[in-house]
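Residue strings, one per chain:
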Amino acid sequence: MADRPDILIAHRGGVVDEERSENSFKALEEAIRRGYSHVEIDARITADGHVVCFHNDELMEEAGINGCISEMTRDEAKRVVLTRSGEQIPSFDAYCERCAGRIGVMIDLKGCSDPFIDRYTAEVQATLRAHDLMDDALVLINKIPRDNQAPIAERFRGLSRVSWRRPLSETQEIVARDDSFVGDHYVFNHGEDFSARDVEGFHALSLQVIPGINTYHYRGQDPMAMGREHIRQLRACGVDGFQIDSCYDPELIP
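Read on for an overview of the structure. This one's a predicted model, so the numbers in the text were calculated from it and none came from an experiment.

### Thoughts on the overall build of the protein
Step number 1: Across its full length, the protein carries 11 helices and 9 strands.
Step number 2: Whereas a compact globule of 254 residues would reach a radius of gyration of roughly 18 Å, the protein reaches 18 Å, a difference of no more than 12%.
Step number 3: Viewed in the frame of its principal axes, the protein has a C-alpha envelope of about 50 × 40 × 35 Å.
Step number 4: Counting every position in the protein, which comprises 254 residues, the buried fraction comes to 54%.
Step number 5: At a minimum sequence separation of 6, the contacts of the protein that also span at least 24 residues come to 65%.
Step number 6: Of the roughly 11,500 Å² of accessible surface on the protein, a fraction of 46% belongs to carbon and sulfur atoms.
Step number 7: One finds the centroid of the 29 positive side-chain charges in the protein at a distance of 1 Å from the centroid of its 45 negative side-chain charges.

### As for the pairing of strand β6 (residues 161-164)
If a strand is regular, its side chains alternate between the two faces of the sheet.
Step number 1: Relative to β6, strand β5 (residues 138-140) is paired through 2 bridges, and the arrangement is parallel. Across the sheet, residue Leu138 finds its bridge partner in β6, namely Arg161.
Step number 2: As for the winding sense of the linkage, the β-α-β connection from β5 through helix α6 (residues 149-154) to β6 is right-handed.

### Some remarks on the packing of aromatic side chains
Step number 1: Considering all chains together, one arrives at 2 aromatic pairs under this definition.
Step number 2: Considering the side-chain rings of Phe25 and Tyr95, the 6.2 Å spacing of their centres and the 25° angle between planes classify their relative orientation as stacked. In this pair, Phe25 sits in helix α1 (residues 25-34) while Tyr95 sits in helix α4 (residues 92-99), placing the two residues 70 residues apart along the sequence. Like Tyr95, Phe25 is buried.
Step number 3: Between Trp164 and Phe181 the ring centres are 4.9 Å apart and the planes differ by 90°, which places this aromatic pair in the edge-to-face class. With Trp164 in strand β6 and Phe181 in helix α8 (residues 181-184), this residue pair connects regions lying 17 residues apart in the sequence.
Step number 4: Residue Trp164 is classed as buried on the basis of its relative accessible area of 13%.
Step number 5: Of note, Arg98 hangs over the ring of Phe25, and the distance from its end group to the ring centre comes to 4.1 Å.

### Topic: the pairing of strand β4 (residues 104-109)
Step number 1: Here β4 lies mainly inside the structure; 6 of its 6 residues are buried.
Step number 2: Alternating residues of β4 divide into Gly104, Met106 and Asp108 and Val105, Ile107 and Leu109, and every residue in both groups is buried.
Step number 3: Pairing analysis gives 6 bridges linking strand β2 (residues 38-45) to β4, with the strands arranged parallel. For Glu40, the partnering residue across the bridge sits in β4 and is Met106.

### Focus: empty space enclosed by the protein
To find leftover empty space, a probe the size of one water molecule is rolled over the atoms.
Step number 1: For the structure shown, the criterion picks out 1 cavity of 30 Å³ or more.
Step number 2: Of the pockets and cavities examined, the largest cavity occupies roughly 30 Å³.
Step number 3: Lining of the largest cavity is provided by Arg12, Glu22, Phe54, His55, Asn56, Glu58, Glu61 and Glu62.

### A look at the pattern of salt bridges
Step number 1: A complete count under the given rule lists 20 salt bridges for this structure.
Step number 2: A salt bridge links Arg20 to Glu30; its shortest N-O distance comes to 3.6 Å. With Arg20 in the loop between β1 (7-10) and α1 and Glu30 in helix α1, this residue pair connects regions lying 10 residues apart in the sequence.
Step number 3: What makes Glu30 buried here is its relative accessible area of 9%.

### Quick notes on helix α10 (residues 223-237)
Step number 1: For α10, which comprises 15 residues, the first-to-last C-alpha distance of 21 Å matches the rise-based estimate of 21 Å (1.5 Å per residue) to within 8%.
Step number 2: Burial in α10 covers these residues: Gly227, His230, Ile231 and Leu234. Down the axis of α10, the smallest arc covering the buried residues is 105°, so these residues share one side. Exposed residues on α10 whose side chains face more than 90 degrees from its buried face are Arg232 and Ala236.
Step number 3: Buried residues along α10 sit against β8 (209-213), β9 (241-244) and α11 (249-252).
Step number 4: Taking the backbone nitrogen of Met224 as reference, a side-chain oxygen 3.2 Å away marks Asp222 as the first, capping residue of α10.
Step number 5: Gly238 sits one or two residues past α10 and shows a positive phi near 85°.

Quick notes on the rules
Residues numbered from 1 in each chain as written. Predicted model: local features only at pLDDT ≥ 70, side-chain atom pairs only at ≥ 80, totals over all residues. Heavy atoms only, no water. Helix = DSSP H or I, 4+ residues; strand = E, 2+ residues; numbered from the N terminus. Rg over C-alpha atoms; globule rule 2.2 N^0.38 Å. Buried < 20%, exposed > 50% of the residue type's maximum accessible area, 1.4 Å probe, protein only. Contact = heavy atoms within 4.5 Å. Areas by Shrake-Rupley, 256 points an atom, 1.4 Å probe, with all protein chains shown as cover. Lys, Arg positive; Asp, Glu negative; His and termini not counted. Charge placed at Lys NZ, Arg CZ, Asp CG, Glu CD. Pairing = 2+ DSSP bridges. Right-handed = clockwise from strand over helix to strand, strands pointing away. Phe/Tyr/Trp six-rings, centres within 6.5 Å; stacked < 30°, edge-to-face > 60°. Lys NZ or Arg CZ within 6 Å of the ring centre and 35° of its normal. 1 Å grid on protein atoms, 1.4 Å probe; cavity = no way out; pocket = protein on both sides within 12 Å on 5 of 7 lines; lining within 4 Å. Points joined across faces, edges and corners; volume = space filled by probe spheres on them. Salt bridge = Lys/Arg side-chain N within 4 Å of Asp/Glu carboxyl O. Expected span 1.5 Å × (residues − 1). Arc of directions from axis to C-beta. Polar contact = N/O pair within 3.5 Å; in protein donor to acceptor, adjacent residues only side chain to side chain.

See below:
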């Protein structure tokens, strides 16, 4: 097996399994131990305008209780116990403090309502600066942006690299008229969204290509078989890295 990619990002806050919850310290520590280059952090806002690390707004899947992060204050959210790891939901600052000097971060900007845009953006940026994580950070938003994700991400341009999820032809047109575009972005999408021609074309523009491979995206199919096949194909195309669920470790970690 070839060496692991230079960029290998642990999806949903680290190595998530039966004993490690999403965005938990246990999941983070295992990702560091396994040698991931980055960990994806889900940055979700609370009712009082602070940021905690949690993937879905609803709490049932990861905490087994009814309720939503968006309806709780930060202090209330931080008291919620994660079912698998037995830990409490971490604040964004506490999670980044654990990452500092040990692993890079991919920030999944979950977005917020209009009144919180300034506060949400400022807290994420201040935290990344405080822990010296800004320069190497990768900023991520949905393929179809929601909850002000696009304007929030734009505020990170020039500070960190921001995900670009548009077709190659559109990208070529933008690069031709915007000299700063390449340095401010990386290309991200799901595994099946890339052809060999796409990867070659993005590389010709000097853009890094980082596909995401996660089991949820293959729901209704065989997630392990589909994920392995996309990893094999994309490695042959020479992509620059992957964001993965840890169940795909054997394909990428020698």
